[in-house]
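Single-letter residue listing:
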Amino acid sequence: MSVNIDLELTVTGPSDSEQAERILKALEAVIHHEGMDHSVRLAVEEWEGQLQVVGGTDYPLIISGLGRWQPAFESRVHQAVQQVAPSAKVAVNWGYPDDDDDY
């Protein structure tokens, strides 16, 4: 069975712009490996004086086998970031647009 999901990634704590760019590249590699290059956008942004790497979907992803895929994907995201910036914090948030009551 397939499910529609929204994805939002936030990585806080890069030490400088170079490290933020390396985190961005590491996440791009994960997204590419998953075949989601055209579905997930990533960027380095400054918010309240702090650099962060953010990403997400503009449109829902259609995922089959979400229960198996989701933990593995999240693990790959965390590992990619930790290899570049061990002190950075990663937040992976999911939305389920089919569950929205806005009709």
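See the structure shown above.
Note that the structure is predicted; figures quoted are calculated from it, not measured.

J.: Would you mind going over the side chain of Gln 19 with me for this structure?
T.: Relative to the elements of secondary structure, Gln 19 occurs in helix α1 (residues 17-33). A distance of 3.4 Å separates a polar atom in the side chain of Gln 19 from the backbone oxygen of Val 84. When sequence neighbours within four positions are dropped, the list of residues in contact with Gln 19 reads Gly 13, Pro 14, Val 84 and Ala 85.

J.: Explain the environment of Met 36 to me, please; I cannot follow it from the model alone.
T.: Here Met 36 shows up in the loop between α1 and β2 (40-47). Classification of Met 36 as buried rests on a relative accessible area of 6%. Spatially, the C-alpha atoms of Met 36 and Thr 57 are 9.6 Å apart, while their sequence positions differ by 21 residues.

J.: Is there a simple way to think about the environment of Gln 70 in this case?
T.: Within the secondary structure, Gln 70 is located in helix α2 (residues 66-84). Through-space distance from the C-alpha of Gln 70 to that of Trp 94 is 9.6 Å; in sequence the pair is 24 residues apart. Discounting chain neighbours no more than four positions away, the residues touching Gln 70 are Trp 94 and Tyr 96.

J.: I would appreciate a short explanation of the pattern of salt bridges in the present structure.
T.: Opposite charge on two side chains makes pairing possible when the charged atoms of those side chains draw close. With the rule as written, the count across this model stands at three salt bridges. With a shortest N-O distance of 3.6 Å, Lys 25 and Glu 28 are connected by a salt bridge. On the criterion of helical spacing, the pair formed by Lys 25 and Glu 28 is a turn pair, its members being three residues apart in helix α1. Residue Asp 58 is joined to Arg 41 by a salt bridge in which the shortest nitrogen-to-oxygen separation is 3.0 Å. Here the residue Asp 58 occupies a position in the loop between β3 (50-57) and β4 (61-64), and Arg 41 occupies one in strand β2, the gap between them amounting to 17 residues.

What counts and how
- Residues numbered from 1 in each chain as written.
- Predicted model: local features only at pLDDT ≥ 70, side-chain atom pairs only at ≥ 80, totals over all residues.
- Heavy atoms only, no water.
- Helix = DSSP H or I, 4+ residues; strand = E, 2+ residues; numbered from the N terminus.
- Polar contact = N/O pair within 3.5 Å; in protein donor to acceptor, adjacent residues only side chain to side chain.
- Contact = heavy atoms within 4.5 Å.
- Buried < 20%, exposed > 50% of the residue type's maximum accessible area, 1.4 Å probe, protein only.
- Salt bridge = Lys/Arg side-chain N within 4 Å of Asp/Glu carboxyl O.

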